[in-house]
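Survey of secondary and tertiary structure
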Amino acid sequence: MDWNRFIDHYITGVLYPRSALEEVRVMVVICVVVSWVGLYLLSRHRAATQRS
């Protein structure tokens, strides 16, 4: 299956307008980065509490 065709057909223009494609990409990247930072901080916090 060609994922680009799937996304173009079912996602782009349906969940968000085609004119907002760049903004959506930026928001997705921000969400991924924030989730990874949160996971990192949570793992550091748990490791610190287990050592105490």
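Let me sum up the structure you'll find in this document. Note that the structure is predicted; figures quoted are calculated from it, not measured.

Here the focus is the overall build of the chain. On a plain count of helices and strands, the chain comes out with 2 helices and 0 strands. The C-alpha atoms of the chain give a radius of gyration of 18 Å, which is well past the 10 Å a tight globule of 52 residues would have. With respect to the principal axes defined by its C-alpha atoms, the chain has extents near 55 × 25 × 10 Å. Residue burial in the chain is summarised as follows: out of 52 residues, 6% are buried. Here the chain has roughly 4900 Å² of accessible surface; of this, 65% comes from carbon and sulfur atoms. Averaging the coordinates of the 6 positive side-chain charges in the chain and doing the same for the 4 negative ones gives two points 17 Å apart.

This part covers the packing of aromatic side chains. Here the structure, examined in full by the defined rule, presents 1 aromatic pair. An angle of 40° between the planes, with centres 5.1 Å apart, marks the rings of F6 and Y10 as tilted. Of this pair, F6 and Y10 both sit in helix 1 (residues 3-11), separated by 4 residues, roughly a single helical turn. The exposure class of Y10 is partly exposed, given its relative accessible area of 47%.

What follows concerns the environment of S35. As for its position among the elements, S35 is in helix 2 (residues 21-51). Measuring from C-alpha to C-alpha, the distance between S35 and E22 comes to 20 Å, with 13 residues separating the pair along the chain.

Definitions and cut-offs
- Residues numbered from 1 in each chain as written.
- Predicted model: local features only at pLDDT ≥ 70, side-chain atom pairs only at ≥ 80, totals over all residues.
- Heavy atoms only, no water.
- Helix = DSSP H or I, 4+ residues; strand = E, 2+ residues; numbered from the N terminus.
- Rg over C-alpha atoms; globule rule 2.2 N^0.38 Å.
- Buried < 20%, exposed > 50% of the residue type's maximum accessible area, 1.4 Å probe, protein only.
- Areas by Shrake-Rupley, 256 points an atom, 1.4 Å probe, with all protein chains shown as cover.
- Lys, Arg positive; Asp, Glu negative; His and termini not counted.
- Charge placed at Lys NZ, Arg CZ, Asp CG, Glu CD.
- Phe/Tyr/Trp six-rings, centres within 6.5 Å; stacked < 30°, edge-to-face > 60°.

Distances and angles like these do not, on their own, reveal function.
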